[in-house]
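Coordinates in review
One letter stands for each residue in the lines below.
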Amino acid sequence: MLELVHFQVLSAALFSLGIFGVLARRSAVMVLISIELMLNAVNVNLVGIAAFSDRAADVRVFGQILVVFIITIAAAEIGLALAIVLRVFRNRGSANVDELNVMKW
Amino acid sequence: MTAQLVVFYLLAAITVLSSLGVILTRNVVHAAFMLLVALLAVAGIFLVAVAEFLALAQILIYGGAVTVVVLFAIMLTRSDEQPRADHSQWPVAALASVGVFALLVAAFVATDVASLDEATNVGTGTETGFEALGLGLFTDWAIPFEVASLILLVALIGAILLARNVEEGE
């Protein structure tokens with residue numbers, strides 16, 4: 001029997017894999033890819049809760065509506081962030097996050 | 001109902017394994033393609049949870065747009081040297097990741113779902129399809145929806161401004 005906790009554990013696994021990627025990878029593009037993984041973890045969680053809630057249909061669908069907004073913001077975020085990475089690469093010749101330390105005191 | 005469970009486990013295994021591949025591979029292009037596999041498997045999981053529209057949007061936006069944009073960024077920021085893939089502090093990152101996973105799972109297991117008036121069955125009301133989603137989006141959530149489209153427009157203009165060549169632009 002499929003239960004809510006299945007979705008939640010999958011979501012937790014995706015989220016922690018994304019955390020590892022954000023903290024451990026050097027390439028800025030890889031950090032952004034890991035952020036996409038974390039956003040998807042949140043989406044899985046919301047969809048699971050929307051599917052399992054016992055409320056009326058017009059209340060339950062709020063979970064899916066939130067996912068629509070998250071997908072929109074994620075698309076805007078990845079486009080903007082990759083443009084910034086591109087600009088950083090042109091200016092500094094590297095897109096590795098640990099070499100971008102000009103503002104480090 | 002067990003078929004549903006088998007499909008879910010299959011898709012979850014594909015998702016987790018390809019996500020592991022994404023964060024562990026040294027080749028950034030491989031990572032982008034494994035991200036595509038992971039995102040498509042998540043679309044399948046949306047289908048299991050009776051969220052057809054979100055599965056379609058996931059395939060269109062992530063499978064189509066995001067992966068292509070990421071691949072473009074990888075091509076344009078490729079440096080010749082083969083760099084180290086990880087920071088030296090990756091053990092700390094692994095520790096943080098495992099810690100967050102343990103904390104989240106403990107919280108999910110400890111939460112009494114029944115007391116939060118949740119049912120134990122997927123798809124108890126199958127009418128949350130396109131119709132309820134569209135109704136919600138264009139009635140209760142109309143203003144956030146319009147703001148989201150505005151954000152997309154602003155982000156697109158900002159991305160174009162950031163990524164173009166200043167030398168020939170001025």
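Cut-offs applied
- Residues numbered from 1 in each chain as written.
- Chains lettered and ligands numbered in written order.
- Predicted model: local features only at pLDDT ≥ 70, side-chain atom pairs only at ≥ 80, totals over all residues.
- Helix = DSSP H or I, 4+ residues; strand = E, 2+ residues; numbered from the N terminus.
- Buried ≥ 20, exposed ≤ 12 C-beta atoms within 10 Å, placed from the backbone.
- Contact = placed C-beta atoms within 7 Å.
- Core = buried A, V, L, I, M, F, W, Y, C linked by C-beta atoms within 7 Å.
- Domains from an automatic or database assignment.
- Nonpolar A, V, L, I, M, F, W, Y, C, P; charged D, E, K, R; others polar.
- Expected span 1.5 Å × (residues − 1).
- Arc of directions from axis to C-beta.
- Axes fitted to C-alpha atoms, helices over the stretch in contact; angles between N-to-C directions.
- Parallel < 35°, antiparallel > 145°, perpendicular 65-115°, else oblique.
- pLDDT = per-residue confidence, 0-100.

1. Re the overall build of chain B
On a plain count of helices and strands, chain B comes out with 7 helices and 0 strands. Reading the secondary structure of chain B in the N-to-C direction produces α-α-α-α-α-α-α. In chain B, which comprises 170 residues, the share counted as buried stands at 26%. Within chain B, residue pairs in contact and separated by at least 24 positions form 55% of the contacts whose partners lie at least 6 positions apart.

2. Looking at the nonpolar core
In terms of nonpolar packing, the biggest core is built from 76 residues, with Val 29, Ile 33 and Val 47 of chain A touching the most fellow members. At the level of secondary structure, the elements contributing two or more residues to this core comprise α1 (4–24), α2 (28–52) and α3 (57–92) of chain A together with α1 (2–24), α2 (28–48), α3 (52–76), α5 (130–138) and α6 (142–163) of chain B. Broken down by element, this core gets its largest block of residues, 16 residues, from α2 of chain A. Of the residues that make up this core, three or more belong to each of domain 1 (1–77) and domain 2 (127–170) of chain B. Ignoring sequence-local partners within four residues, the contact set of Val 29 of chain A consists of Val 85 and Ala 95 of chain A together with Val 28, Val 70, Ala 73, Ile 74 and Thr 77 of chain B.

3. Points about the domain arrangement of chain B
Looking at chain B, the domain boundaries give domain 1 (1–77) and domain 2 (127–170). The gap between the C-alpha centroids of domain 1 of chain B and domain 2 of chain B is 22 Å.

4. Focus on the interface of chain A and chain B
The interface is formed by 67 residues belonging to chain A together with 78 residues belonging to chain B. Secondary structure elements with two or more residues in the side of chain A that touches chain B: α1, α2 and α3 of chain A. Sorting elements by how many residues they give to the side of chain A that touches chain B places α3 of chain A first, with 25 residues. A per-class count over the side of chain A that touches chain B returns 44 nonpolar, 14 polar and 9 charged.

5. A short note on α6 of chain B
Residues and elements named next belong to chain B. A rise of 1.5 Å per residue sets the reference length of α6, with its 22 residues, at 32 Å; its end C-alpha atoms lie 32 Å apart and thus fit the reference within 8%. Those residues of α6 lying buried are Ala 148, Ala 155 and Ala 159. Projected down its long axis, α6 carries its buried residues within an arc of 35°, all on one side. Across α6 from its buried face, at more than 90 degrees, point the exposed residues Ala 142, Ile 143, Glu 146, Val 147, Ser 149, Leu 150, Leu 153, Val 154, Ile 157, Ile 160 and Leu 161.

6. Section: the environment of Gly 63 of chain B
Residues and elements named next belong to chain B. Note on placement: Gly 63 falls in helix α3. Along the primary structure Gly 63 and Val 37 are separated by 26 residues, whereas in three dimensions their C-alpha atoms are 8.4 Å apart. When near neighbours in sequence (up to four residues on either side) are disregarded, Gly 63 contacts Leu 36, Leu 39 and Leu 40.

7. Quick word on the packing of α2 of chain A against α2 of chain B
The N-to-C vectors of α2 of chain A and α2 of chain B enclose an angle of 5°; their axes lie 11 Å apart at closest approach. One way to sum up the angle between α2 of chain A and α2 of chain B is to call them roughly parallel. From α2 of chain A, Val 29, Met 30, Ile 33, Glu 36, Leu 37, Asn 40, Val 44 and Val 47 of chain A reach across to α2 of chain B, where they touch Val 28, Ala 31, Ala 32, Leu 35, Ala 38, Leu 39, Val 42, Ile 45 and Phe 46 of chain B. By residue class, the composition of the contact of α2 of chain A with α2 of chain B is 15 nonpolar, 1 polar and 1 charged.

8. Remarks on unusual backbone geometry
Residues and elements named next belong to chain B. Notably, Val 50 is not glycine yet its phi reads approximately 55°, a positive angle. With respect to the helices and strands, the residue Val 50 is situated in the loop between α2 and α3. Residue class for Val 50 comes out buried when judged on the 20 C-beta atoms lying within 10 Å of it.

9. Description of the confidence of the model for chain B
If pLDDT is low for a region, its predicted coordinates should not be looked at in detail. Residue and element names in this part refer to chain B. Looking at chain B, the pLDDT average stands at 83 and 82% of residues meet or exceed 70. Per-element confidence in chain B ranges from a low mean pLDDT of 60 for helix α7 (residues 166–169) to a high of 93 for α2. The ipTM assigned to the predicted complex is 0.89, against a pTM of 0.87.

10. Some points on the confidence of the model for chain A
Predicted confidence across chain A gives a mean pLDDT of 87, with 96% of residues reaching 70 or more. Of all secondary-structure elements in chain A, the lowest mean pLDDT belongs to α3 of chain A, at 88, while α1 of chain A reaches the highest, 92.

11. Re the environment of Val 29 of chain B
Relative to the helices and strands, Val 29 of chain B resides in helix α2. The class for Val 29 of chain B is partly exposed, based on 13 C-beta atoms found within 10 Å.

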